[in-house]
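These are the residues of each chain, in order.
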Amino acid sequence: MKKNRLGQSDLYISELTLGCMSLGTNKKQAKQIVDTALDYGINHLDTADLYDFGINEEIIGEVIKDRRKQIILTTKVGNHFDSHKKDWFWDPSKKYILEAVKQSLQRLQTDYIDFYMLHGGTIDDPIDETIDAFETLKKEGLIRAYGISSIRPNVIREYVKRSNIDAVMMQYNLLDRRPEEAVLSLLESEGISVLARGPLAQGMLTTNGRNRIFEKGKQGYLNYSTDELLTIFDQLNQLNLNLNELALTYILKHPAVSSVVFGASSLKQLQENITIDLTDTMNDDLYEHIQTLTKPITYTQHR
């Protein structure tokens, strides 16, 4: 699988990233999914300390401990949580980040994190203090690179101006094209990579999309009505191409995107994405045609 550089760092990640949030708590099944992903050439795993209140990190740490050197490992911080009370509050302070990273390292059974992200963020955060925390961790060798996970253009722009982030994770898919309007060109020009999460729009952009639209899109999706979602699904199907493949290759077509982050709760879901062809599907004509089938929604229209 092709690997792309993450920002200006020395990290090279596979075009597909396994998002680990939906792995569940069965360690045997999680190991099977992760091992299969690695065997197919995926080298980038994404988790967060908040997922299952630390349990997800613990499971990842256990299942990768014998293959750690093969993996680019990403986790996130900023949600100050209590695993016993099952609650949390937003805390991007330097003090918390420096404490939380130690807990993540312990749960992940590793002495360094390849890529560490702020798990959200607002314009009212102590941004310089947050950046200082990440720079401190980088100097100490506890992390190799850092970035943010955010869909807020105003927050992203502040980190672009004030920090040395190497990547931004954001929702981006055929139905949610807001990043095209707001930040992709900026990030590309600054050499900052995009990690695109939610590429299959909760399963609505898969071969089983019609059923998922009735399940997940019955109240609409962003500014799309259910009828509009069904129409787009049918139009995409008329192209006689694998819909998962179309959804993933559309995102990878943009030069700012280094990797597409998808989740899998079963081997079947994993294989639906790792066995497709990512190389020649999305030519310029097809790319432009797909754009005519969907509508670019702006952040001001839907926050």
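Provided above is the structure to which this section pertains.
Residues numbered from 1 in each chain as written. Predicted model: local features only at pLDDT ≥ 70, side-chain atom pairs only at ≥ 80, totals over all residues. Heavy atoms only, no water.

Draft legend 1. A look at the overall build of the chain. When its secondary structure is counted, the chain shows 12 helices and 12 strands. Taking 303 residues into account, the globule formula puts the C-alpha radius of gyration at 19 Å, and the chain, at 19 Å, falls close to it. Along the longest, intermediate and shortest principal axes, the C-alpha atoms of the chain span 55 × 40 × 40 Å. Evaluated residue by residue, the chain yields a buried proportion of 57% over its 303 residues. As presented, the chain carries roughly 13400 Å² of accessible surface, and 45% of it is formed by carbon and sulfur atoms. Of note, the chain has its 35 positive side-chain charges centred 3 Å away from the centre of its 42 negative side-chain charges. (Helix = DSSP H or I, 4+ residues; strand = E, 2+ residues; numbered from the N terminus. Rg over C-alpha atoms; globule rule 2.2 N^0.38 Å. Buried < 20%, exposed > 50% of the residue type's maximum accessible area, 1.4 Å probe, protein only. Areas by Shrake-Rupley, 256 points an atom, 1.4 Å probe, with all protein chains shown as cover. Lys, Arg positive; Asp, Glu negative; His and termini not counted. Charge placed at Lys NZ, Arg CZ, Asp CG, Glu CD.)

Draft legend 2. Here's a closer look at the environment of Asn211. The residue Asn211 is located in helix H8 (residues 209-216) in this model. For Asn211, a relative accessible area of 42% corresponds to the partly exposed category. Counting along the chain gives 19 residues from Asn211 to Leu230, while the straight-line C-alpha distance between them is 9.9 Å. A polar contact is formed between the side chain of Asn211 and the side chain of Asn208, at a distance of 2.8 Å. (Polar contact = N/O pair within 3.5 Å; in protein donor to acceptor, adjacent residues only side chain to side chain.)

Draft legend 3. Region of the structure containing the nonpolar core. Leu18, Tyr116 and Leu187 are the most contacted members of the largest nonpolar core, which has 90 residues in total. With seven residues, the top contributor of residues to this core is helix H10 (residues 243-252). With sequence-adjacent residues up to four places away left out, Leu18 is seen in contact with Ile33, Val34, Ala37, Ile42, His44, Leu45, Asp46, Phe262, Ala264 and Leu270. By size, the runner-up hydrophobic cluster in this structure holds 11 residues, among which are Leu11, Ile13, Ile72 and Ala145. (Core = buried A, V, L, I, M, F, W, Y, C linked by side-chain atoms within 4.5 Å. Contact = heavy atoms within 4.5 Å.)

Draft legend 4. Representation of the sheet that holds strand S5 (residues 72-77) within the structure. Around the barrel, eight strands lie side by side as S3-S4-S5-S8-S9-S10-S11-S12; this closed barrel has parallel pairing. Averaged over all adjacent pairs, the angle separating strand axes in this sheet is 30 degrees, with direction ignored. Relative to strand S8 (residues 113-119), S5 runs parallel, the two sharing four bridges. Note that in S8 the partner of Thr74 across the bridge is Phe115. (Pairing = 2+ DSSP bridges. Axes fitted to C-alpha atoms, helices over the stretch in contact; angles between N-to-C directions.)

Draft legend 5. Expanded view of the pairing of strand S12 (residues 257-263). Most of S12 is tucked away, with six of its seven residues classed as buried. Sheet topology places strand S3 (residues 16-19) next to S12; four bridges connect them, and they run parallel. Pairing of Gly19 across the sheet is with Gly263, part of S12. In the sheet, strand S11 (residues 193-197) pairs with S12 via four bridges, with the strands oriented parallel. Bridge pairing in S12 links Arg197 to Val261.

Draft legend 6. Representation of the pattern of salt bridges within the structure. Tallied over the full model, the rule gives 20 salt bridges. Among the ionic pairs, Arg144 bridges to Asp114, the shortest N-O distance being 2.8 Å. Placement of Arg144 in strand S9 (residues 143-149) and of Asp114 in strand S8 is noted, with a sequence separation of 30 residues between them. The partly exposed category is assigned to Arg144, whose relative accessible area is 32%. The salt bridge partner of Asp284 is Lys253, with a shortest N-O separation of 2.7 Å. Placement of the pair is Asp284 in helix H12 (residues 284-293) and Lys253 in the loop between H10 and S12, with a sequence separation of 31 residues. (Salt bridge = Lys/Arg side-chain N within 4 Å of Asp/Glu carboxyl O.)

Draft legend 7. Looking closely at empty space enclosed by the protein. Taken as a whole, this structure holds one cavity of 30 Å³ or more when the rule is applied. One number sums up the size of the largest cavity: a volume of about 40 Å³. Taken together, Leu175, Met204, Leu205, Ile213, Leu229, Ile232, Phe233, Leu236 and Leu243 make up the full set of residues lining the largest cavity. When residues in the lining of the largest cavity are grouped by element, the largest group, four residues, is from helix H9 (residues 226-237). Looking at side-chain class alone, the lining of the largest cavity contains nine nonpolar, no polar and no charged residues. (1 Å grid on protein atoms, 1.4 Å probe; cavity = no way out; pocket = protein on both sides within 12 Å on 5 of 7 lines; lining within 4 Å. Points joined across faces, edges and corners; volume = space filled by probe spheres on them. Nonpolar A, V, L, I, M, F, W, Y, C, P; charged D, E, K, R; others polar.)

Draft legend 8. Spatial organisation of the layout of surface pockets. In this structure, the largest pocket encloses a volume near 980 Å³. Forming the walls of the largest pocket are 35 residues, and the residues nearest its centre are Ser22, Gly198, Gln202, Phe262 and Gly263. Going through the elements one at a time, strand S10 (167-171), H8, S12 and helix H11 (267-274) are the ones with two or more residues in the lining of the largest pocket. Counted by class, the lining of the largest pocket contains 11 nonpolar, 17 polar and seven charged residues.

All we've got here are geometric facts, nothing functional implied.
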